[in-house]
Amino acid sequence: SMGGDGLERVSEDAVLNANYLRKRLSALIELPYDRLCKHEFVLSAKALKDTLGVSAMDIAKNLLDYGIHPPTVYFPLIVSEALMVEPTETEALEILDSFVDAIEDIIRRAKEDPEGVKSAPHTTPVKRVDEVVAARHPLLRWYPET
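This is a predicted model, so every value here is computed, not measured.

Of the regular secondary structure elements, the protein holds six helices and three strands. By principal-axis analysis of the C-alpha atoms, the protein measures approximately 45 × 45 × 30 Å. Put simply, the protein has 146 residues, and 35% of those count as buried. Residue pairs in contact within the protein that sit at least 24 positions apart in sequence constitute 59% of those at least 6 positions apart. As displayed, the protein has an accessible area near 9500 Å², and 58% of this comes from carbon and sulfur atoms. Taken together, the 17 basic and 25 acidic charged side chains of the protein have centroids lying 6 Å from each other.

Right, dumping it as structure tokens:
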């Protein structure tokens, strides 16, 4: 079983991972609260939204094309165009770096082709869904492939 030291080490790694990402991503995207974080931190895509029309949701949808599970968007509500980043303690440095590379690539693409970024994801079996309709009328049936 895992003793207190093991759990403490795990949370230390989560804090290290979050602060590493916070530092790297703050060069690319606005950090509304630039302070040492615990295991999570919040970015804001407000400047991208204002200048290019690319939202936090657009960034999240694009991450799917990179094989990355997107972060929580629009929370906390006090941050406009919020992206909450919460890496787990077990993420390898290569994974953290690939996340930063993906964000960097999405921002570069947003400047060159905002419409392409706004229509993502392009590689998933299900393309962009209407979030409002999906929330109000969820389709909760699963049909096995025949």
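What follows deals with the nonpolar core. One finds Leu 25, Ile 29, Phe 41 and Ile 59 to be the most contacted residues of the largest nonpolar core, which totals 29 residues. Elements with a contribution of two residues or more to this core: helix H1 (4-25), strand S1 (41-44), helix H3 (56-65), strand S3 (82-85) and helix H4 (93-112). When residues of this core are assigned to their parent elements, the largest contribution, eight residues, is made by H4. In this view, Phe 41 contacts Ala 18, Leu 21, Arg 22, Leu 25, Leu 31, Leu 83, Met 84 and Val 85; residues no more than four positions away in its chain are not counted.

Another aspect to go through is the side chain of Asn 62. Mapping Asn 62 onto the fold places it in helix H3. A distance of 2.9 Å separates a polar atom in the side chain of Asn 62 from a polar atom in the side chain of Arg 109. Residues contacting Asn 62, with those up to four places away along its chain left out, are Ile 106, Arg 109, Val 117 and Ala 120.

Quick look at the pattern of salt bridges now. As enumerated under the stated definition, the model contains five salt bridges in all. A salt bridge links Asp 97 to Arg 24, with the nearest nitrogen and oxygen atoms 2.7 Å apart. Placement of Asp 97 in helix H4 and of Arg 24 in helix H1 is noted, with a sequence separation of 73 residues between them. Assessed through its relative accessible area of 21%, Asp 97 is described here as partly exposed. Between Lys 118 and Glu 115 there is a salt bridge, with the nearest N and O atoms lying 3.2 Å from each other. With Lys 118 and Glu 115 both in helix H5 (residues 114-118) and three residues apart, this pair spans about one turn of that helix.

Our next topic: unusual backbone geometry. Following Phe 75, the chain continues to Pro 76 via a peptide bond in cis, the omega torsion being 0°. Looking at where Pro 76 falls in the secondary structure, it is placed in the loop between strand S2 (72-73) and S3. Residues Ala 120 and Pro 121 are joined by a peptide bond in cis, for which omega reads 5°. Structurally, the position occupied by Pro 121 is in the loop between H5 and helix H6 (131-136). For Tyr 74, which is not glycine, the phi dihedral falls at a positive 60°. Looking at where Tyr 74 falls in the secondary structure, it is placed in the loop between S2 and S3. The exposure class of Tyr 74 is partly exposed, given its relative accessible area of 34%. Despite not being glycine, Glu 81 has its phi angle at roughly 55°, a positive value. Mapping Glu 81 onto the fold places it in the loop between S2 and S3.

The rules behind each value
Residues numbered from 1 in each chain as written. Predicted model: local features only at pLDDT ≥ 70, side-chain atom pairs only at ≥ 80, totals over all residues. Heavy atoms only, no water. Helix = DSSP H or I, 4+ residues; strand = E, 2+ residues; numbered from the N terminus. Buried < 20%, exposed > 50% of the residue type's maximum accessible area, 1.4 Å probe, protein only. Contact = heavy atoms within 4.5 Å. Areas by Shrake-Rupley, 256 points an atom, 1.4 Å probe, with all protein chains shown as cover. Lys, Arg positive; Asp, Glu negative; His and termini not counted. Charge placed at Lys NZ, Arg CZ, Asp CG, Glu CD. Core = buried A, V, L, I, M, F, W, Y, C linked by side-chain atoms within 4.5 Å. Polar contact = N/O pair within 3.5 Å; in protein donor to acceptor, adjacent residues only side chain to side chain. Salt bridge = Lys/Arg side-chain N within 4 Å of Asp/Glu carboxyl O.

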